[in-house]
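Each chain, written out:
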Amino acid sequence: MNDFWDAGLTADAKRVGEAVAVAGAGTVDREVLAEVVALCAVAGEHLLVVGAPGTAKSEVVRRVAGQLGGRYFECLLGRFTEPNELFGSVDLARLREGRVEYETGGMLPEAEIAFLDEVFLGSTAVLNTLLGLLNERVFRRGATVLDSPLRVCVGAANGLPEDPALEAFADRFLARLFVEPVPDDRLEDLLEAGRRPAPALPEGPGLVASLDRLAAAARRCTLDRITPELATAVRRLRAAGIPLSDRRVVRSQRLVAAAATLDGRTSAASRDLWVLPLIAPTADAQALARNTLADLVGDAANAGLVYAAEELSRGPRARAARLARVGTELLAETATPGRDPGATPADLRLRLEATLREIDASFEPADLPKELAEVRERLVAAVRP
């Protein structure tokens, strides 16, 4: 049985992966967020991002949306946010005829990618309407009933809600990602990035059609062969004390299928189970999930989602794939015609050396995968005086 897609779908997966890489370029420690947005868009599921203010949540989502193309909607919610700020205002012409309908052009019901900041601060009226829209992809208000083209909604919050009344709404976000401030060992990168002018990203290639083809392919992805392993993983997570409802367990298969699809395969494998920590409800539960599933996902890797696969699996194969990509990108920066490697700018040289150190710290020479060994050899040549 051939587990790989035809050339067209493989090209779609590559285009989406490249667009997400462009969106993540120039950010510091936010590549995982960019990739998980794309994963959820293909899976047809929504993403909740939890993190302190100032951690670039909205910036990354905007960049991904700009690269993927399609209609984008963004709103900062508050206690006094009116429903018409999200869903559109009453159509006055229709109202004079005695019908309450809404003008939804340019608003959330017609968006393909959406970002809702401080999502739990919305009023009851806002959240109740959102609940149906997110779950069913149908907007219902007054006499207006509209099928929504929404591929993915990213909700952001500074913390998880403590109000039990919000639990049903929060559960509509299958995937959760917890974003921390940039770690101390990357502060130099953060400061350097902050000094650079904001990059003018090239206009996105408009990949909504590619997303739709990949989403359709994910729905056809074969999961039969990994059902026993997925069930084993869920049993382990529940035994470890991680609460997973039946609904979240069933829908997790969409993330598994999307991961396989973005890796160019028609059939999911055990190495796609790295997505499962995303469905754990808290940051602590996700860390526990990674440890609990370490032996099941140690072989994890994904050609289109290298950072996310490494972060969620902590496996050597995923780390090797990520280091190979980072090294290749750095080498491309040194490829200016006529440049002497010894004249490499100081900041770039430091990044080359840092990548070499990480490779050597992560792998014994005999264990280096072939692709990474080749990249390492070129990095050594680039920093040699």
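As shown above, the structure is provided for reference.
Caption draft 1: Representation of the overall build of the protein chain within the structure. In terms of regular secondary structure, the protein chain is built from 16 helices and nine strands. A compact globule built from 385 residues would reach a C-alpha radius of gyration of about 21 Å, and the protein chain, at 22 Å, matches this within 12%. Projecting the C-alpha coordinates of the protein chain onto the three principal axes gives extents of approximately 80 × 50 × 45 Å. Within the span of the protein chain, comprising 385 residues, buried residues form 51% of the whole. Contacts in the protein chain between residues far apart in sequence, at least 24 positions, make up 75% of those at least 6 positions apart.

Caption draft 2: Spotlight on the sheet that holds strand E2 (residues 72-76). What the five strands build is an open sheet, ordered E2-E5-E8-E1-E9; its pairing is parallel. The two strands at the open ends of the sheet, each matched to only one other strand, are E2 and strand E9 (175-179). Going from strand to strand, the sheet's axes swing by 15° on average, the running direction of each strand aside. Sheet topology note: the strand E5 (residues 113-117)/strand E8 (residues 152-157) ladder contains four bridges and is parallel. When the bridges of E8 are listed, Ala114 appears paired with Cys153. The strands touched by helix H2 (residues 31-43) within the sheet are strand E1 (47-51), E8 and E9, with E1 carrying the most contacts at an inclination of about 160°.

Caption draft 3: Region of interest: helix H11 (residues 246-262). A rise of 1.5 Å per residue sets the reference length of H11, with its 17 residues, at 24 Å; its end C-alpha atoms lie 25 Å apart and thus fit the reference within 8%. Within two residues after H11, Gly264 carries a phi angle of roughly 85°, on the positive side.

Caption draft 4: Focus on the environment of Leu368. By the element assignment, Leu368 lies in the loop between helix H15 (346-362) and helix H16 (370-383). Sequence spacing of Leu368 and Ala257 is 111 residues, and the spatial spacing of their C-alpha atoms is 29 Å. In contact with Leu368, other than residues within four places in its own chain, are Ile359, Phe363, Ala373 and Arg376.

Caption draft 5: Representation of the nonpolar core in the model. Grouped together as the largest cluster of nonpolar side chains are 93 residues, with contacts concentrated most on Val16, Leu39, Leu47, Leu255, Trp274 and Leu278. With eleven residues, H2 is the largest single contributor of residues to this core. When near neighbours in sequence (up to four residues on either side) are disregarded, Trp274 contacts Leu39, Ala259, Val297, Ala300, Ala301, Asn302, Leu305, Ala308, Ala309, Leu312 and Ser313. Listed in part, the 29 residues of the second largest apolar core include Val50, Phe73, Met107 and Leu134.

Caption draft 6: Highlighting the packing of aromatic side chains. Under the defined criterion, the tally for this structure stands at three aromatic pairs. Between Phe87 and Phe139, the ring centres sit 5.5 Å apart and the planes meet at 25°, which makes this aromatic pair stacked. Taken together, the residues span a long stretch of sequence, with Phe87 in helix H4 (residues 84-87) and Phe139 in strand E6 (residues 138-141) at a distance of 52 residues. Given the relative accessible area of 0%, Phe87 is considered buried.

Caption draft 7: Expanded view of the pattern of salt bridges. This model, assessed by the stated rule, comprises 29 salt bridges. Arg322 serves as the salt-bridge partner of Glu310, at 2.6 Å between the closest nitrogen and oxygen. Taken as a pair, Glu310 in helix H13 (residues 306-313) and Arg322 in helix H14 (residues 316-333) lie far apart in primary sequence, twelve residues in all. Residue classification places Glu310 among the buried positions, given a relative accessible area of 9%. Of the residues examined, Arg322 reaches a relative accessible area of 11% and is grouped as buried. Salt bridges here are not isolated pairs; linked through shared partners, they connect Arg71, Glu110, Glu112, Arg151 and Asp212.

Caption draft 8: Spatial organisation of the environment of Trp274. Take Trp274: it is sitting in the loop between H11 and helix H12 (283-292). Judged by its relative accessible area of 0%, Trp274 is buried. Sequence-wise, Trp274 and Ala320 are 46 residues apart; in three dimensions their C-alpha atoms are separated by 15 Å.

What counts and how
- Residues numbered from 1 in each chain as written.
- Predicted model: local features only at pLDDT ≥ 70, side-chain atom pairs only at ≥ 80, totals over all residues.
- Heavy atoms only, no water.
- Helix = DSSP H or I, 4+ residues; strand = E, 2+ residues; numbered from the N terminus.
- Rg over C-alpha atoms; globule rule 2.2 N^0.38 Å.
- Buried < 20%, exposed > 50% of the residue type's maximum accessible area, 1.4 Å probe, protein only.
- Contact = heavy atoms within 4.5 Å.
- Pairing = 2+ DSSP bridges.
- Axes fitted to C-alpha atoms, helices over the stretch in contact; angles between N-to-C directions.
- Expected span 1.5 Å × (residues − 1).
- Core = buried A, V, L, I, M, F, W, Y, C linked by side-chain atoms within 4.5 Å.
- Phe/Tyr/Trp six-rings, centres within 6.5 Å; stacked < 30°, edge-to-face > 60°.
- Salt bridge = Lys/Arg side-chain N within 4 Å of Asp/Glu carboxyl O.

Nothing here speaks to function; it is all geometry.
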